[in-house]
Amino acid sequence: MSKIFPATEETIEKAAKALQTRGLIVIPTETVYGIAGAAGDDKAIAKIFAAKNRPEFNPLIIHIASVEQARKIAVFDDRAEKLAAAFWPGPLTLVLPRKKDGSISLLATAGLDTIALRLPRHETARKLIQKAGPLAAPSANPSGFLSPTRASDIRPEIQSAAEMVIDGGAADVGLESTVVDLTAPTAHVLRLGGFDPAKLQDILGIVEISDGAGEKPKSPGQLLKHYAPKTPLRLGADNPRAGEALLAFGKNVPSGFSIVLNLSPSGNLEEAAGNLFRYLHDLDRKGVSSIAAMQVPESGLGLAINDRLRRAAASFS
Ligand code: TXA
Ligand code: MG
């Protein structure tokens, strides 16, 4: 029997009950689908790590439905208050000092003194959190695989670990949230993602991007090889190889490729971000021998798109 349910009130009610009895639910968010468990329940959290085959040193993002709820579990300074007021709900995750009230599983935060919080924009996710309480929800992919942006892209090993998959349609951002660390005087972007980091500058002034390119990333997840399709991917669109597909961007598309998927023919980076994981999943299904990816402009959401493409290519080099 399929575990995929439409995002109705009835489904949300059922899912909330399952979460309260330590079940896992695959939830839609505006960034990517997540595999969610009750944030305070060690056993539910342990199931998430097992389902994803995720190393336990890599902490999970805790999803809340209001700033009020967030303030109960983390210390908000002036910067955090301003960012939350300006950009929540949305694809921005804040890393803040953790309040030690015992309400959040230590396994979820990997024992760190900090906690990553996100208030998703997707209505289904928010309604579910309102009913079930804060949810730990990493992306709904096995570690090292592409994040799913549609219910149909969720792999069988994740589906079988969950009680239900809630189908909330195609994710409209399409990239994981941007993770910003506010635990030091200078803010650091730990993971580039679906929120343009340039928008942080008005509130934060200087923002450093330390997304794991260095040897000692602060966000443990950035240590890992990530975001890889099954099909080998290389950067650059010169000299097409036999059976190779082109992941293109913009108007000037090189010729000679048998299959071309264009992330955004008009050169729009938001559109490209929304299509990236979807197209990589589609190319995996088409069974092409390899993928040549054009790079996109290195600004705005282009920073995150190029980051994902570089990581995908690195896992085949
Ligand atoms: O868009 C998203 O953020 C999605 C959806 C489902 O909300 N979730 C997601 O979770 O991408 P996940 O677990 O795949 O990625 C969480 C990232 C990892 O790189 C992890 O290392 C980092 O956030 N992280 C979590 N807690 C942290 C902390 N206390 N300090 C630094 N990094 C942290
Ligand atoms: Mg992930």
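Anyway, here's the lowdown on the structure attached to this text. Note that the structure is predicted; figures quoted are calculated from it, not measured.

## What about the pairing of strand 8 (residues 164–167)?
Across 3 bridges, strand 1 (residues 4–6) lies against strand 8 in parallel orientation. Bridge pairing in strand 8 places P6 opposite D167. Of the strand pairs in this sheet, strand 2 (residues 25–27) and strand 8 are connected by 2 bridges, and their pairing is parallel. Counted as the bridge partner of V26 is V165 from strand 8.

## Description of the layout of surface pockets
Considering only enclosed or pocket space, the second largest pocket measures out at about 280 Å³ in volume. Contributions of two or more residues to the lining of the second largest pocket are made by helix 4 (78–87) and helix 8 (269–286). Broken down by class, the residue content of the lining of the second largest pocket amounts to 8 nonpolar, 2 polar and 5 charged.

## Section: the packing of helix 8 against helix 9 (residues 301–314)
Each pair of packed helices gets described by two things: the angle between the helix axes and the distance between those axes. Orientation of helix 8 relative to helix 9, taken along the N-to-C sense of each, is 25°, at an axis distance of 9 Å. For the element pair helix 8 / helix 9, the angle class is roughly parallel. Relative to helix 9, the crossing made by helix 8 is left-handed. Facing L269, E270, A272, A273, L276 and F277 of helix 8, the residues of helix 9 in contact are L301, G302, I305, R308 and L309. When its residues are assigned to classes, the contact of helix 8 with helix 9 shows 8 nonpolar, 1 polar and 2 charged.

Conventions and cut-offs
- Residues numbered from 1 in each chain as written.
- Chains lettered and ligands numbered in written order.
- Predicted model: local features only at pLDDT ≥ 70, side-chain atom pairs only at ≥ 80, totals over all residues.
- Heavy atoms only, no water.
- Pairing = 2+ DSSP bridges.
- Helix = DSSP H or I, 4+ residues; strand = E, 2+ residues; numbered from the N terminus.
- 1 Å grid on protein atoms, 1.4 Å probe; cavity = no way out; pocket = protein on both sides within 12 Å on 5 of 7 lines; lining within 4 Å.
- Points joined across faces, edges and corners; volume = space filled by probe spheres on them.
- Nonpolar A, V, L, I, M, F, W, Y, C, P; charged D, E, K, R; others polar.
- Axes fitted to C-alpha atoms, helices over the stretch in contact; angles between N-to-C directions.
- Parallel < 35°, antiparallel > 145°, perpendicular 65-115°, else oblique.
- Left-handed = near helix turned anticlockwise from the far one by under 90°.
- Contact = heavy atoms within 4.5 Å.

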